[in-house]
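The residues making up each chain are set out below.
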Amino acid sequence: MPLNLRLSKGRELARTAGDHASDMFAPLTVIGRGLRHHSAWAKARWQATPKERRGPTIFLVAAMGLGIYLLPHGLLFALVALMASAAWVGRAPKAAPAAPEPDVADIKLTALYAALTPYLAGPEDLNPLYRHEGSYKDVFRSWEFDGEGRLSRLELAYPAYFTDTEPAARARIEQVVQGKAGRAREYRFDWDEESNKLRIAALAPLPTDIAVQRFVAAPGEIVLGFTDEDGSARTIPVGQGGAVTQQPPVVWRTGPRSAEPHLLALGAAGYGTSSLIRSIALQALPFADLVVIDGAGTGEHACLVNRPGVHTVETSLHGALAALEWAAQETERRLTALNASRHAGIAPPEDVTRPLWLLLDHPTELSELAHAEGRPDPQDLLELPLRHGRAARVTVVIADDVEARDRITPTVRATTRARVLLGPTGPAEGHAALGAPLDIVPAAQAPAGRGYARIGNSAPVRLQVPATVDPLDEEAPAVLRDAVIALLPHRDTRTEAAAPTEVPPRPAVPPAVIPVVPIPPVDPSAEGRSGVDLGKEHPALRFRPLA
Ligand SMILES: Nc1ncnc2c1ncn2[C@@H]1O[C@H](COP(=O)(O)OP(=O)(O)OP(=O)(O)O)[C@@H](O)[C@H]1O
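Here the structure is a predicted model, which means the values were calculated and not measured. (Residues numbered from 1 in each chain as written. Predicted model: local features only at pLDDT ≥ 70, side-chain atom pairs only at ≥ 80, totals over all residues.)

## Here we look at the overall build of the protein chain
Note the cut-off: Numbering of helices and strands starts at the N terminus; helices are DSSP runs of H or I of at least 4 residues and strands are runs of E of at least 2. Any residue surrounded by 20 or more other C-beta atoms within 10 Å of its C-beta is treated as buried, while 12 or fewer makes it exposed and the intermediate range makes it partly exposed; C-beta atoms here are placed from the backbone. Placing a C-beta atom from the backbone of each residue, one calls two residues in contact when those atoms lie within 7 Å.
From N to C terminus, the protein chain includes 14 helices and 17 strands. For the protein chain, with 547 residues in total, the buried portion stands at 33%. Here the contacts in the protein chain between residues at least 6 apart in sequence split such that 69% fall between residues at least 24 apart.

Dropping the structure here:
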């Protein structure tokens, strides 16, 4: 047998013998450790015993020893008892218990309490609710954390002298809470002024995967977007991510019985006000005619050019002025016709009852241009449609940058009672844009199309506008572009419309504003085509300037 094999076999034998020996001697080791422990204990007791009591102690121990000796099998029992107690004491010591995990809720609520203390502690209060050495348990009534350890609900008490009626004071507290609880989420702040309590709730994100589609809504109803369950009285079926789900819509009712016949949408740049205009246009087109003014001139509404029901899409000041002058005249004509039919006691002609929608994207850009050129402000031309549009079935939708709010005329602001605000904004901006304070603090980062809506005097609700991309934007996802294309009316679809009975015919364009480029005649060979022509090859309809 080779030497190294012998060596390794020897090593193996030695290891096995060692293992067996340690197994065999383990009880002896335990008893030995216990006896050592006992002797150390006895030695310590002896040293701790005062000298004058040592004699009696020796005597007592000797008497016990004698007693045990005299008992039948006493020595044997004493030996067994000693071994058993030594084995018990000498067993392997238990692992020290792990230090308890720090309580996340405790850490976070303590930090929040400390952060709120400077704002809620009164220097002259002898028994302050918030004090530097205080505990959050004295003022935080209830709280909840989500699965990720983030604060999701909190109710706290605040002193009666805190100025909870002042927006600036509230905003400071809301900022502190959002800072400590995480800026990535929206929070609702419910200030109970009567009982000096503040309830805070983190809001779940609204779905962002709903594309524009044919929504279940009555003619004249526009689904601005979707909100929380408690923000809407109903839900509608919606195609979302390949399935049909029920979602609570934000519905804007238009028409002669609407108390909010016109809409003003303001948004931070890039947060989707143009997409909202497109979404409204696609929903209004089945029952209304449109005039579209693209004040930014970016061509974002080119997909509507030459569509049936779209009178014009204007990007220039010259064209916008002509179109709005026509709209003002058309409003007047409709009012006169409606009055005449009311006097005669007959039904008004169909061409005055068909809804007309004026969609203006970034009109303040045109206002600036008009001022520079000494021409009339396009917003001033909206006065008649805005003031009398409800009776004349004319609806005005204006979308602009939130920073351009000061350039929006007082008439527009006073007559647009349906409001939308998109993108993250401060409390003052939110109040100004919606006409009411917002009890929600927006997240630091919001997806495009996220904001708030306020219809009339109702409370503002959260809003996520359905994705309505520009189908001519080649960078937009194809599936979203297809969703828009599917809703664009083709030249054939209106002539073939299955249910034209509820849709009154389009009013005749007055002679003063005859389109320079007429709508091309319907091509019969195109019937039944499923694809939709985006109309890129057709120039926008232009109105002749009024003399
Ligand atoms: N609701 C939405 N869902 C998904 N994407 C959106 C939504 N709204 C807008 N977007 C996307 O955000 C981008 C900007 O949108 P849009 O042009 O509508 O914003 P805007 O506010 O009009 O911008 P600007 O003020 O610069 O004109 C586009 O790429 C658009 O596709």
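On we go from here.
## Re the site of the ligand
What counts here: Each residue receives a C-beta atom placed from its backbone. It is near a molecule or strand if this atom lies within 6 Å of it. Asp, Glu, Lys and Arg are counted as charged, while Ala, Val, Leu, Ile, Met, Phe, Trp, Tyr, Cys and Pro are counted as nonpolar; the rest, among them Gly, fall into the polar class.
For the ligand, the set of nearby residues contains 17 residues, the closest of which are Gly 272, Ser 274, Ser 275, Gly 449 and Ala 467. In terms of residue count, helix α6 (residues 273-284) provides more of the shell around the ligand than any other element does, 3 residues in total. Grouping the constituent residues of the shell around the ligand by class yields 8 nonpolar, 7 polar and 2 charged.

## Let's talk about the pairing of strand β2 (residues 151-157)
Formally: Strand pairing is assigned whenever DSSP detects at least two bridges linking the two strands.
Pairing analysis gives 5 bridges linking strand β1 (residues 140-145) to β2, with the strands arranged antiparallel. Note that in β2 the partner of Phe 140 across the bridge is Leu 156. What sits between β1 and β2 in their antiparallel hairpin is a turn of 5 residues, with Gly 149 showing a positive phi close to 75 degrees. Where β2 and strand β4 (residues 197-203) come together, 5 bridges link them in antiparallel fashion. Of the residues in β4, the one forming a bridge with Ala 157 is Lys 197.

## Things to note about the packing of helix α2 (residues 51-70) against helix α3 (residues 74-89)
What counts here: Axes here refer to lines fitted to C-alpha atoms; in helices the fit is confined to the stretch in contact. Angles between the N-to-C directions go from 0 to 180 degrees.
Relative orientation of the contacting elements α2 and α3 amounts to 120 degrees, with a least axis distance of 6 Å. Across from Ile 68, Tyr 69 and Leu 70 in α2, the residues of α3 making contact are Gly 74, Leu 75 and Ala 78. When its residues are assigned to classes, the contact of α2 with α3 shows 5 nonpolar, 1 polar and no charged.

## Things to note about the nonpolar core
What counts is decided by this rule: Think of a nonpolar core as buried Ala, Val, Leu, Ile, Met, Phe, Trp, Tyr and Cys residues chained together by C-beta atoms that fall within 7 Å.
One finds Leu 224, Ala 281, Leu 290, Val 292, Leu 359, Val 397 and Val 420 to be the most contacted residues of the largest nonpolar core, which totals 80 residues. Per-element tally for this core: the top contributor is helix α7 (residues 317-344), with 8 residues. Ranked by size, the runner-up nonpolar core spans 20 residues in total, among them Leu 109, Leu 112, Leu 151 and Val 177.

## A look at the sheet that holds β4
Spatially, 5 strands are ordered β1-β2-β4-β3-β15 in an open sheet, and the strand pairing comes out antiparallel. What marks the edges here is a single partner per strand, and that holds for β1 and β15 (440-441).

## Things to note about the UniProt feature "binding site: ATP" (unreviewed entry) in the protein chain
Rule in force here: UniProt positions are given in the numbering used here, feature names are shortened, and annotations may be inferred rather than shown by experiment.
The UniProt feature table records "binding site: ATP" (unreviewed entry) at Gly 267, Ala 268, Ala 269, Gly 270, Tyr 271, Gly 272, Thr 273 and Ser 274. In this structure Gly 270 comes out as exposed when scored by C-beta crowding, with 11 C-beta atoms within 10 Å. When you line up the elements, Thr 273 lands in helix α6.

## Quick word on the packing of α7 against helix α10 (residues 383-392)
Heads up, the condition is: Here is the rule for handedness: rotate from the far helix to the near one, and if that takes an anticlockwise turn smaller than a right angle the crossing is left-handed, while a clockwise turn gives right-handed.
α10 packs onto α7 with a crossing angle of 35 degrees between their chain directions and a minimal axis gap of 10 Å. Where α7 crosses over α10, the two elements pack in a sense that is left-handed. Seen from α7, the contacting residues are Ala 327, Ala 328, Thr 331, Glu 332, Arg 334, Leu 335 and Leu 338; seen from α10, they are Leu 384, Pro 385, His 388, Gly 389, Ala 391 and Ala 392.

## Side note on unusual backbone geometry
You will see that His 362, though not glycine, has its phi angle at about 55 degrees, which is positive. In this fold, His 362 is placed in the loop between β12 (356-361) and α9 (363-373). Given 22 C-beta atoms within a 10 Å radius, His 362 is considered buried.

## A look at the UniProt feature "domain: FtsK" (unreviewed entry) in the protein chain
UniProt tags residues 247-431 as "domain: FtsK" (unreviewed entry). Helix makes up 41% of residues 247-431 and strand 22%, whereas the separation of the span's terminal C-alpha atoms amounts to 27 Å.

## Things to note about the domain arrangement of the protein chain
Quick reminder of the rule: Just so you know, the domain bounds were taken from an automatic or database domain assignment.
Looking at the assigned domains, one finds that the protein chain contains domain 1 (104-203) and domain 2 (221-518). In this assembly, 13 residues from domain 1 lie in contact with 11 residues from domain 2. Only α5 (167-181) and β3 (186-192) provide two or more residues apiece to the side of domain 1 that touches domain 2. The element contributing the most residues to the side of domain 1 that touches domain 2 is β3, with 5 residues. In the side of domain 1 that touches domain 2, the residues fall into 6 nonpolar, 1 polar and 6 charged.

## Section: the pairing of strand β9 (residues 263-267)
On any regular strand, side chains alternate: one points to one face of the sheet, the next to the other face. With 5 of 5 residues buried, β9 is to be regarded as a mostly interior element. Burial along β9 is two-sided: Leu 263, Ala 265 and Gly 267 facing one way and Leu 264 and Leu 266 facing the other are all buried. Both β9 and strand β14 (residues 418-422) contribute to a ladder of 5 bridges, which runs parallel. Paired with Leu 264 across the two strands is Arg 419, which belongs to β14.

## Some details on the confidence of the model for the protein chain
Residues shown with low pLDDT carry predicted positions that ought not to be read at fine detail. Condition: Scored from 0 to 100, pLDDT records how confident the predictor is in each individual residue.
Looking at the protein chain, pLDDT values average 85 and 86% of them are 70 or higher. Taken as a whole, residues 493-547 scores under 50 in pLDDT and shows 77 contacts with residues more than four places along the chain or in a different chain. Across the whole predicted complex the pTM is 0.73, and at the interface the ipTM reaches 0.96.

## Section: α10
Let me state the cut-off plainly: Directions drawn from the helix axis to the C-beta atoms are what define this arc.
Of the positions making up α10, those classed as buried are Pro 385, Leu 386, Gly 389, Arg 390 and Ala 392. Projected down its long axis, α10 carries its buried residues within an arc of 165 degrees, all on one side. Buried residues along α10 sit in contact with α7, β12, β13 (394-401) and α11 (410-415). Two residues or fewer after α10 comes Arg 393, characterised by a positive phi angle close to 60 degrees.

## Observations regarding the environment of Leu 487
Note that Leu 487 resides in helix α13 (residues 478-487). Between the C-alpha atom of Leu 487 and that of Val 212, which follows or precedes it by 275 residues, the distance is 8.5 Å. In contact with Leu 487, other than residues within four places in its own chain, are Val 212, Arg 214 and Leu 282.

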